[in-house]
Amino acid sequence: MMAEASFSGTVKVILILLALWWVVRWIARARAPLDSTGPGGVKRPVGDVRIEEVPKDGRGRTPGGTIIDAEYEEIK
């Protein structure tokens with residue numbers, strides 16, 4: 001005999017999975033270090049400015065596509 005899934009049962013399963021995901025996320029954030037580190041785990045001092053070159057391919061050209069800087073400061 002085959003049982004059919006009910007709407008309320010489906011909603012319960014989704015809510016239980018969501019609750020488990022929130023708990024795991026909360027535990028992971030609680031165990032994370034509190035210091036602010038950048039990419040690669042390197043801590044940067046306040047006011048540190050870096051201008052990095054775009055890596056080039058084997059022929060000496062920059063790769064195609066757009067490069068977007070997510071971290072910037074407006075200097076007036």
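Heads up: the structure comes first, above all this text.
Scope of this entry: the structure provided in the associated data block. Within each chain, residue numbers correspond to sequence positions counted from 1 in written order. Per-residue local features are limited, in this predicted model, to residues with pLDDT of at least 70; the limit for side-chain atom pairs, both in listing and counting, is 80 or more; totals at the level of whole chains, interfaces and linings are taken over all residues. As a rule here, side-chain values come from all non-hydrogen atoms in the structure, and water together with hydrogens is ignored.

## What to know about the overall build of the chain
Each helix is a run of H or I in the DSSP string that is no shorter than four residues. Each strand is a run of E no shorter than two, and both are numbered from the N terminus. Helices and strands together make up the secondary structure of the chain, namely 1 helix and 0 strands. Across the 76 residues of the chain, 0% fall into the buried class. Under the convention used here, a 1.4 Å probe and the Shrake-Rupley method define accessible areas, while residue burial counts only the protein chains that appear. Of the roughly 8200 Å² of accessible surface on the chain, 62% is carried by carbon and sulfur atoms. Throughout this description, buried means an accessible area under 20% of the type-specific maximum (1.4 Å probe, protein chains only), exposed means over 50%, and partly exposed covers the range between.

## With respect to a nonpolar patch on the surface
The patch calculation keeps residues exceeding 30% relative accessible area without a salt bridge and links them within 9 Å when they carry like charges or within 5 Å when they are nonpolar (Val, Leu, Ile, Met, Phe, Trp, Tyr). The salt bridge criterion pairs a side-chain nitrogen of Lys or Arg with a carboxyl oxygen of Asp or Glu, the two atoms within 4 Å. A cluster of nonpolar residues, Phe7, Val11, Ile14, Leu15, Leu18, Trp21 and Trp22, forms a patch on the protein surface that exposes about 770 Å² of accessible area. The residue Phe7 is located in helix 1 (residues 7-31) in this model. A residue is classified by how much of its surface remains accessible, and Phe7, at 70% relative accessible area, is exposed.

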